[in-house]
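What the coordinates show
Given next are the chains, with one letter for each unit.
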Amino acid sequence: MSMNGYILVEQSLKLSGTVDLIGAKNAVLPIMAASILTQGKSTFYSVPDSSDVHEMITLLESLGAKIFFDKKENILIIDTVNINKSEVTQEVMDKMRASILVMGPLLARFRKTRVALPGGCLIGARPIDLHLKGFEKLGANITRDNNYFYASINQDKKDQQIVLEYPSVGATENLIMFSVLQKGTTNILNAALEPEVLDFIQVLQKMGAKIEFDIPATIKITGVDNLKPIEHKIIPDRLEAGTLLLAAAITGGEISLPNAIPSDMDLFLEKLKQMGHKIEIGFNNSNGIKLIATNNPKATDIKTCPYPGFPTDLQSPMMAALCLAQGESKAEETVFENRLMHVKELEKMGAQIKTKNSKAIVSGVDLLYGTQVIASDIRASAALVIAGLAAEGKTEVLGIHHWRRGYDKMENKLKKLGAKIKVVEV
Ligand code: UD1
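Structural notes, computed from the coordinates. (Residues numbered from 1 in each chain as written. Predicted model: local features only at pLDDT ≥ 70, side-chain atom pairs only at ≥ 80, totals over all residues. Heavy atoms only, no water.)

A closer look at helix α5 (residues 129–137)
Turning to α5, its buried residues are L130, H131, L132, G134 and F135. Elements in contact with the buried residues of α5: α4 (103–110), β8 (140–145), β9 (148–153), β10 (160–163) and α6 (169–179). Once α5 finishes, G139 follows within two positions and takes phi at roughly 110 degrees, a positive value. (Buried < 20%, exposed > 50% of the residue type's maximum accessible area, 1.4 Å probe, protein only. Helix = DSSP H or I, 4+ residues; strand = E, 2+ residues; numbered from the N terminus. Contact = heavy atoms within 4.5 Å.)

Some details on the packing of aromatic side chains
Taken as a whole and judged by the stated rule, the model has three aromatic pairs. Plain terms: the ring middles of F268 and F310 are 5.9 Å apart, the flat faces sit at 50 degrees to each other, and that makes the pair tilted. Pair noted here: F268 is in helix α9 (residues 266–274) and F310 is in the loop between β18 (302–303) and α10 (315–322), with a separation of 42 residues, a long-range link. Residue classification places F310 among the buried residues on the basis of a relative accessible area of 1%. Ring plane angle 50 degrees and centroid distance 5.3 Å describe the contact between W403 and Y407, whose orientation is recorded as tilted. (Phe/Tyr/Trp six-rings, centres within 6.5 Å; stacked < 30°, edge-to-face > 60°.)

A word on the sheet that holds strand β24 (residues 420–424)
Strand order in the open sheet made by the four strands is β22-β23-β1-β24, with mixed pairing throughout. Each edge of the open sheet is held by one strand with a lone partner, namely β22 (372–374) and β24. Direction aside, neighbouring strands of the sheet carry axes that sit 20 degrees apart on average. Sitting on the sheet, helix α12 (residues 378–390) touches β1 (6–10), β22, β23 (394–398) and β24, and the angle it makes with β1 is about 25 degrees. (Pairing = 2+ DSSP bridges. Axes fitted to C-alpha atoms, helices over the stretch in contact; angles between N-to-C directions.)

Topic: the pairing of strand β19 (residues 328–332)
Here β19 shows a clear split, with S329 and A331 buried on one side and none of E328, K330 and E332 buried on the other. With α10 bridging β18 and the parallel β19, this β-α-β connection has right-handed handedness. Across five bridges, the pairing between β19 and strand β21 (residues 359–363) is antiparallel. Its bridge partner being in β21, S329 is matched across the sheet by V362. (Right-handed = clockwise from strand over helix to strand, strands pointing away.)

Structural notes on helix α2 (residues 51–62)
For α2, spanning 12 residues, the distance from its first C-alpha to its last is 16 Å, which sits close to the expected 16 Å at 1.5 Å a residue. Within α2 the residues assigned to the buried category are S51, D52, V53, M56, I57, L59 and L60. Once α2 ends, the next one or two residues include G64, with phi positive near 115 degrees. (Expected span 1.5 Å × (residues − 1).)

Considerations on the site of the ligand
Near the ligand, the surroundings consist of 18 residues, among which D129, L130, S168, D313 and V335 are the closest. A distance of 3.2 Å is found between an oxygen atom of the ligand and a side-chain nitrogen or oxygen belonging to R97. Within the side chain of S168, a nitrogen or oxygen atom sits 2.6 Å from an oxygen atom of the ligand. Mapped by element, the contributors of at least two residues to the shell around the ligand are α1 (25–34), α5 and α6. Take the shell around the ligand: its biggest share by element is three residues, from α5. The residue makeup of the shell around the ligand, split by class, is eight nonpolar, five polar and five charged. (Near = heavy atom within 4 Å. Polar contact = N/O pair within 3.5 Å; in protein donor to acceptor, adjacent residues only side chain to side chain. Nonpolar A, V, L, I, M, F, W, Y, C, P; charged D, E, K, R; others polar.)

Structure representation (structure tokens):
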């Protein structure tokens, strides 16, 4: 895939139409890792053809898995019978942060694993201390050799309780994958409960894992001897939903997302309503979200938090919309320490934003102007495309590899709604 090239976006007013959402990237990545816990062929439906999924395919293949991906039908078949390696090289790990998710299942399957430090977006330091501390509490012995971690199980520690200092999505998933095949019970307190984590847990339960929930934010796992392969359809991507809703909102349009799950995005929808947009939910067997945009959007404040708070992954796309909302909006990022890099780019387009540390104050302007901007992470690429749809003239968004990492050709969905958008590879 080319790192060069750009997304060319022209002002496209009143986007309108109906879109079917693809499965969530953030659900399918841990689910693919969980297949390591089984021996056999699992089939997954609604799998996004995004480059992070391809990186995970490469990783699993490097371990010996056989994989078939029908990109058109979005069907992924993973055969894990021949997985015979417990080691992942730096080169493979470097491709994305989510590669750390294989550590738990490899440790469970082989009782030892050697993985390199994962790579990933530059949205913060993104340490893996919570993963490592959790594995140690569960009986793993971990040593570090330069960029590699070697973990092995020397003694079974039955009936453990882990209290996460922060409800990390990845650490929660990794520790669950390790625990499902351990003897005794493991309680994870202050666990992440994002909708993607719940979809992933549903997959493990189908595989035969014993997982229950308790108040407050506790996941209780009782180990079983083995897990079996399954079939599963990935939950619709609430981040793709959010991006498309914002694209319709910022252009004064109307959009219907029949398979969106409204209960996964309550606070986000509330914020769209506070801006003045009309939202209808539940028209498709309690699923479905429809947005009818106001032409006079108002400012609102957002603060990112773990679920059910405002999702960090929708902070930058939302900020693009706030740039054109009347009044002053406050936006605060609390999940990642370096996730306001899109501010500088939005300013190039005429946005008025003041920042201090992880806080921003956005003063709404009447118009944004197309220019060349750089996407620094997946969600920033969506933010800049959204801004470009409303901006006068043409916007060139550099960094298409970020767009490709997170979305399954979302430019086609936007085109269907009337957007003038083209991915130019050079
Ligand atoms: C996942 C999502 C990502 C989303 C994020 C937060 C996937 C593949 N990616 O990422 O899109 O933005 O959740 O909703 O699902 N942290 C530590 N130590 C750790 C682990 C995390 O300090 O051991 C910190 C991170 O640096 C970050 C915060 O905790 O500041 C949240 O990270 P985490 O929830 O782990 O996010 P990811 O699982 O990496």
